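Listed below are the residues making up each chain.
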Amino acid sequence: MAKFTLDDADDDPPVATARDKRKRDDGPADAEDEPPRARGSAVAGREPAAPGAEAEAAGRRGPAEEMANGEVEGGLSVQIDPDVLDCSICFESLRPPLYQCQNGHVACFSCWSKLSNKCHICSRDAKFARNIALEKIVESIKSSCSYAKWGCCKFINYAQRDAHEEACLFAPSVCPISNCGYRGFTGRWSGHFLTSHSSDVMRFIYGQPFEVNIEVSVPFLVFLGEDDHLFLLQNNNLTPFGHAFSVVCLRSGNLNWMFSYQIEATSRKKPENRLQLKASVTNTRQWTGIYPSEAFLLVPFDFCHSSNIVLNISVERYAVV
């Protein structure tokens, strides 16, 4: 049985939504500087390798490369242009059942049911029938995740690729700054913030306390760790009680590091009065404006008597065992 792979696994990860990326270029503008490979060619075989070289290379390759570079599990590996696997009406991935007119023009089931027996390409009355052969081909296609080079090793059915990538652990995070839209990966935020939001980010060193002065109306502040992990100090206005402060880490991929933080607020009227919280940092891939409620420091409105609140913060990092 032939197995198909898509020749976009090593391209830069998409920055569009699942629907938008169906008509894709060779890579997004915001991705890292890796040149995309040529796509759309079918591969029937390979140049013979030197004796022993194939075994050595196989030991270095992961599952994705193994699938893309030769015969795996008795199947033939080929490359195919992903666009031919998309419905020409909605541009979503073709999923069985598939229907075609008498001239062979195919539509997905969702679009076919809305065509009223009129082909969208022929523009005339058509009698649609199931295309069983194409259904079998689509069902046999396995694709690596678009975020394979960022750590995702899963091979999924092509028809389920969109759903997987929407929830993939290694998918990029959206910049939390309003109206930005940039999508970045864990450990690669400094370049974006230095060029686009240099005044909106504060850098810090793990284990060293630092002071922040936050306006009570600001929903969050952005901190950038020395290893480029991105943190948000969230400020949730809990009228009539006060402001709830907590720290989250905006990241994706393998969680090799864990973080804890400490926040301290001092009364301006009576400096001997202090509020303090020590808690674990919450991880999230996207900031949606929803504040975690497991742990937060509640600073009453009467505690500071000002439009600004001064906080002392420290963040600790430790490896996951």
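Notes on the structure follow. (Residues numbered from 1 in each chain as written. Predicted model: local features only at pLDDT ≥ 70, side-chain atom pairs only at ≥ 80, totals over all residues. Heavy atoms only, no water.)

1. Notes on the packing of aromatic side chains
Then step 1. Under the counting rule described, the total for this entry stands at 12 aromatic pairs.
Then step 2. An angle of 65° between the planes, with centres 5.9 Å apart, marks the rings of Tyr 182 and Trp 189 as edge-to-face.
Then step 3. Aromatic rings pair up to connect Phe 204, Tyr 206, Phe 210, Phe 223, Phe 231 and Phe 259 into one cluster.
Then step 4. The ring of Trp 257 carries the charged tip of Arg 317 above its face, separated from the ring centre by 4.2 Å. (Phe/Tyr/Trp six-rings, centres within 6.5 Å; stacked < 30°, edge-to-face > 60°. Lys NZ or Arg CZ within 6 Å of the ring centre and 35° of its normal.)

2. Section: the nonpolar core
Then step 1. Ranked by internal contacts, the top residues of the largest apolar core, which has 26 residues, are Phe 231, Leu 233, Ile 263, Leu 311 and Ile 313.
Then step 2. Listing elements by their share of this core, those giving two or more residues are strand S11 (210-215), strand S13 (230-238), strand S14 (242-250), strand S15 (257-266), strand S16 (274-280), strand S18 (297-300), helix H7 (301-304) and strand S19 (308-319).
Then step 3. Once you skip the residues sitting within four places of it in the chain, Phe 231 turns out to touch Phe 204, Tyr 206, Leu 221, Val 222, Phe 223, Gly 225, Val 247, Val 248, Cys 249, Phe 259, Val 281 and Val 315.
Then step 4. By size, the runner-up hydrophobic cluster in this structure holds 13 residues, among which are Cys 175, Trp 189, Leu 230 and Leu 232. (Core = buried A, V, L, I, M, F, W, Y, C linked by side-chain atoms within 4.5 Å. Buried < 20%, exposed > 50% of the residue type's maximum accessible area, 1.4 Å probe, protein only. Helix = DSSP H or I, 4+ residues; strand = E, 2+ residues; numbered from the N terminus. Contact = heavy atoms within 4.5 Å.)

3. Concerning the sheet that holds S11
Then step 1. With respect to topology, four strands assemble into an open sheet ordered S11-S19-S15-S16, the strand pairing being antiparallel. Each of the sheet's edge strands pairs with one partner strand only, and the pair in question is S11 and S16. Direction aside, the axes of adjacent strands within the sheet are offset by 25° on average.
Then step 2. Where S15 lies against S19, nine bridges are found, and the strand directions are antiparallel. Pairing of Tyr 261 across the sheet is with Val 315, part of S19. (Pairing = 2+ DSSP bridges. Axes fitted to C-alpha atoms, helices over the stretch in contact; angles between N-to-C directions.)

4. Comments concerning the pattern of salt bridges
Pairs can form between side chains of opposite charge whenever their charged atoms are close.
Then step 1. With the rule as written, the count across this model stands at five salt bridges.
Then step 2. Close ionic contact of Glu 135 with Arg 130 constitutes a salt bridge, the shortest N to O distance being 2.6 Å.
Then step 3. Using a relative accessible area of 41% as the deciding quantity, one classes Arg 130 as partly exposed.
Then step 4. The closest approach of N and O atoms between Arg 161 and Glu 165, which form a salt bridge, is 3.1 Å. Taken as a pair, Arg 161 and Glu 165 lie in helix H5 (residues 161-167) at a separation of four residues, close to a single helical turn.
Then step 5. Accessibility expressed as a relative area gives 1% for Arg 161, which makes it buried. (Salt bridge = Lys/Arg side-chain N within 4 Å of Asp/Glu carboxyl O.)

5. A few points about the sheet that holds strand S3 (residues 98-100)
Then step 1. With respect to topology, three strands assemble into an open sheet ordered S4-S3-S5, the strand pairing being antiparallel. Both edges of this open sheet fall to strand S4 (106-108) and strand S5 (129-130), since each of them pairs with a single strand only.
Then step 2. Two strands pair when backbone bridges link them, and S3 and S4 are joined in this way by three bridges, in the antiparallel orientation. The partner of Gln 100 across the bridge, within S4, is Val 106.
Then step 3. Sheet strands touched by helix H4 (residues 132-140): S3, S4 and S5. Its angle to S3, the strand with the most contacts, is close to 145°.

6. Some thoughts on unusual backbone geometry
Then step 1. Here the residue pair Pro 96 and Pro 97 is connected by a cis peptide bond, since its omega of 0° sits within 30 degrees of zero.
Then step 2. Along the chain, the position of Pro 97 falls in the loop between strand S2 (77-80) and S3.
Then step 3. Even without being a glycine, Phe 91 presents a positive backbone phi close to 65°.
Then step 4. Following the sequence through the fold, Phe 91 ends up in the loop between S2 and S3.
Then step 5. On the basis of relative accessibility, which here comes to 33%, the residue Phe 91 falls in the partly exposed class.
Then step 6. A positive phi is found at Asp 228, a non-glycine position, where the angle reads about 75°.
Then step 7. Residue placement: Asp 228 occurs in the loop between strand S12 (220-224) and S13.
Then step 8. On the basis of relative accessibility, which here comes to 9%, the residue Asp 228 falls in the buried class.

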